[in-house]
Amino acid sequence: MKERNRLFDEMNDRSREVFRKVVETYLELGEPVGSRTLTRTLSEKVSAATIRNVMQDLEFLGLLDSPHVSAGRIPTQLGLRMFVDGLLEVRDLDHTDREKLDATLGSGGDDVGGVLDRVGAALSGVTHGASLVLTPKHEAPIKHIEFVSLGHDRALVVLVFADGHVENRLFTPPPGQTPSSMREAANFLNALIGGRTLAELRNIMAEEIARRRQEIDTLAADLIEAGLASWEDQGDTSARLIVRGRANLLGTEAETEELDRIRNLFDDLERKRDIAEFLELAETGDGVRIFIGSENKLFSLSGSSLVVSPYMNADRKIIGAVGVIGPTRLNYGRIVPIVDYTAQLVGKLIAERS
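The notes below deal with the structure included here. (Residues numbered from 1 in each chain as written. Predicted model: local features only at pLDDT ≥ 70, side-chain atom pairs only at ≥ 80, totals over all residues. Heavy atoms only, no water.)

When its secondary structure is counted, the protein shows 14 helices and ten strands. The 354 residues of the protein split such that 45% are buried. Per element, the accessible surface of the protein, about 17,700 Å² overall, is 47% carbon and sulfur. (Helix = DSSP H or I, 4+ residues; strand = E, 2+ residues; numbered from the N terminus. Buried < 20%, exposed > 50% of the residue type's maximum accessible area, 1.4 Å probe, protein only. Areas by Shrake-Rupley, 256 points an atom, 1.4 Å probe, with all protein chains shown as cover.)

Have a look at this one:
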């Protein structure tokens with residue numbers, strides 16, 4: 001932040017206007033911006049040579065880059081960051097976009113998961129990017145747990161919650177599990193449940209295993225640990241990440257290298273390796289946050305930007321997040337209010353149904 005403030009202070013009114021016009025034109029057209037283009041849009045009438053000198057100064061400051069010799073300039077990641085922080089003009093939410101998002105709520109009888117799926121699809125549709133929706137964890141008390149072997153390296157855990165909600169989750173069990181060890185693990189957990197949530201059960205279970213490890217078959221204990229780790233640690237499936245609009249990125253006329261990076265991004269997302277980190281991004285800030293390129297580890301390989309906002313339940317507790325991912329030349333001024341409104345919409349839905 002101090003570095004960006006220093007750079008901004010070093011710029012005079014002319015260089016700031018040139019910088020702003022370069023970024024705005026690049027975000028609109030997606031192409032390098034030349035000096036002759038700027039001579040037609042600047043408030044001050046100056047020659048193309050003067051503009052070129054200003055652009056060279058901005059390039060020296062690290063705010064602009066020239067992808068090819070004798071070509072126009074494009075903003076660097078630092079330049080985009082400074083533009084977003086200090087010069088971005090956020091628009092009001094378009095009425096048509098608002099109507100499309102409102103329409104996703106549907107009837108009151110729909111389950112929350114179905115509504116969030118529609119929200120993700122609508123968010124992708126109105127932004128022409130890929131939408132991300134991190135759904136809330138189900139935190140009702142558990143009534144029953146059952147493990148089902150599907151093979152030597154695949155197993156299913158069935159969770160029956162006290163409110164009638166049922167979830168089936170796949171996980172990879174530790175080597176050497178047998179149907180009997182899985183039954184023993186389930187019996188052990190069911191004896192502990194007593195109306196506890198998953199988080200509470202995990203804490204109690206750790207204490208119980210420490211006290212009773214000698215009483216339980218070693219393989220069963222390993223299974224319990226692996227199963228609960230899959231619910232709350234990295235790769236957590238108790239929160240679900242909905243990715244919609246992947247084709248909006250893969251269908252662009254980007255260069256092959258860009259497409260490869262984007263495919264790598266979605267491979268990571270679909271494996272859900274960084275779900276917890278995605279929520280952490282939202283939890284560490286209030287309102288809409290913008291991550292550009294390598295600023296954020298989750299999307300650093302894609303060369304993309306993420307606009308993300310948390311949403312809260314009736315107790316004002318952050319329980320999930322919504323976001324849009326696209327190329328770094330996103331129309332930030334339009335995307336920010338869309339993401340902000342969508343987060344408010346989802347929060348209102350969750351509050352009404354909790």
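Glancing now at the pattern of salt bridges. Here the structure, examined in full by the defined rule, presents five salt bridges. Between Asp13 and Arg16 there is a salt bridge, with its nearest N and O atoms 4.0 Å apart. A residue pair is termed a helical-turn pair when its members lie 3 or 4 positions apart in one helix, as Asp13 and Arg16 do in helix α2 (residues 13–29) at three residues. What makes Asp13 exposed here is its relative accessible area of 62%. For Arg81, the salt bridge is made with Asp85, and the minimal N-O distance between the two is 3.1 Å. Within this pair, Arg81 and its partner Asp85 are both found in helix α5 (residues 77–86), separated by four residues, close to a single helical turn. The class of Arg81 is buried, set by a relative accessible area of 10%. (Salt bridge = Lys/Arg side-chain N within 4 Å of Asp/Glu carboxyl O.)

Before going further, it helps to spend a moment on the sheet that holds strand β5 (residues 155–161). Remark on secondary structure: sheet strands pair via backbone hydrogen bonds, oriented parallel or antiparallel. Read across the open sheet, the three strands follow the order β4-β5-β6; overall the sheet is antiparallel. Edge strands, defined here as strands with exactly one partner in the open sheet, are β4 (142–149) and β6 (166–171). Direction aside, neighbouring strands of the sheet carry axes that sit 20 degrees apart on average. With six bridges connecting them, β5 and β6 associate as antiparallel partners. Bridging from a neighbouring strand, Val160 pairs with Val166 of β6. Packed onto the sheet, helix α8 (residues 179–193) meets β4 and β5 and runs at close to 175 degrees relative to β4. (Pairing = 2+ DSSP bridges. Axes fitted to C-alpha atoms, helices over the stretch in contact; angles between N-to-C directions. Contact = heavy atoms within 4.5 Å.)

Within β5, six of the seven residues are buried, leaving the element largely enclosed by the surrounding structure. The hairpin turn running from β5 into β6, its antiparallel successor, is four residues long, and Gly164 in that turn takes a positive phi close to 95 degrees.

Relative to each other, α2 and α5 sit at 100 degrees, their axes nearing to 11 Å. The orientation of α2 relative to α5 falls into the category roughly perpendicular. Together, Phe19, Arg20, Val23, Glu24 and Leu27 of α2 and Gly79, Leu80, Met82 and Phe83 of α5 make up the contact between the two elements. Residues of the contact of α2 with α5, tallied by class, amount to six nonpolar, one polar and two charged. (Parallel < 35°, antiparallel > 145°, perpendicular 65-115°, else oblique. Nonpolar A, V, L, I, M, F, W, Y, C, P; charged D, E, K, R; others polar.)

Where helix α6 (residues 95–102) contacts helix α7 (residues 112–127), the axes come no closer than 9 Å and their chain directions differ by 160 degrees. As the angle between them shows, α6 and α7 are arranged roughly antiparallel. In this structure, α6 meets α7 at a crossing whose hand is right-handed. Where α6 approaches α7, its residues Asp97, Lys100 and Leu101 are matched on the opposing element by Ala122, Leu123 and Val126. (Left-handed = near helix turned anticlockwise from the far one by under 90°.)

When you line up the elements, Asp340 lands in helix α14 (residues 332–353). We classify Asp340 as partly exposed; its relative accessible area is 28%. Residues Asp340 and Ser309, spaced 31 residues apart in sequence, show a C-alpha to C-alpha distance of 6.3 Å.

Let us look at the pairing of strand β9 (residues 304–312). In terms of residue burial, β9 counts as a mostly covered element, since nine of its nine residues are buried. Here β9 shows a buried face lined by Ser304, Leu306, Val308, Pro310 and Met312 and a second buried face lined by Ser305, Val307, Ser309 and Tyr311. Pairing of strand β8 (residues 289–292) with β9 involves four bridges; the strand directions are antiparallel. Along β9, the bridge assignment pairs Arg289 with Val308. Relative to strand β10 (residues 318–327), β9 runs antiparallel, the two sharing nine bridges. Each residue of the ladder has a partner; that of Ser309, found in β10, is Val322. As consecutive antiparallel partners, β9 and β10 are separated by five residues, and within that stretch Arg316 has a phi angle of approximately 65 degrees, a positive value.

It is worth spelling out the environment of Leu101 at this point. Locating Leu101 in the fold gives a position in helix α6. The exposure class assigned to Leu101 is buried, which follows from its relative accessible area of 1%. In sequence terms Leu101 and Gly120 are 19 residues apart; their C-alpha atoms lie 9.4 Å from each other. Once residues within four sequence positions are removed from consideration, Leu101 is found in contact with Ala122, Leu123, Ile338, Tyr341, Thr342 and Leu345.

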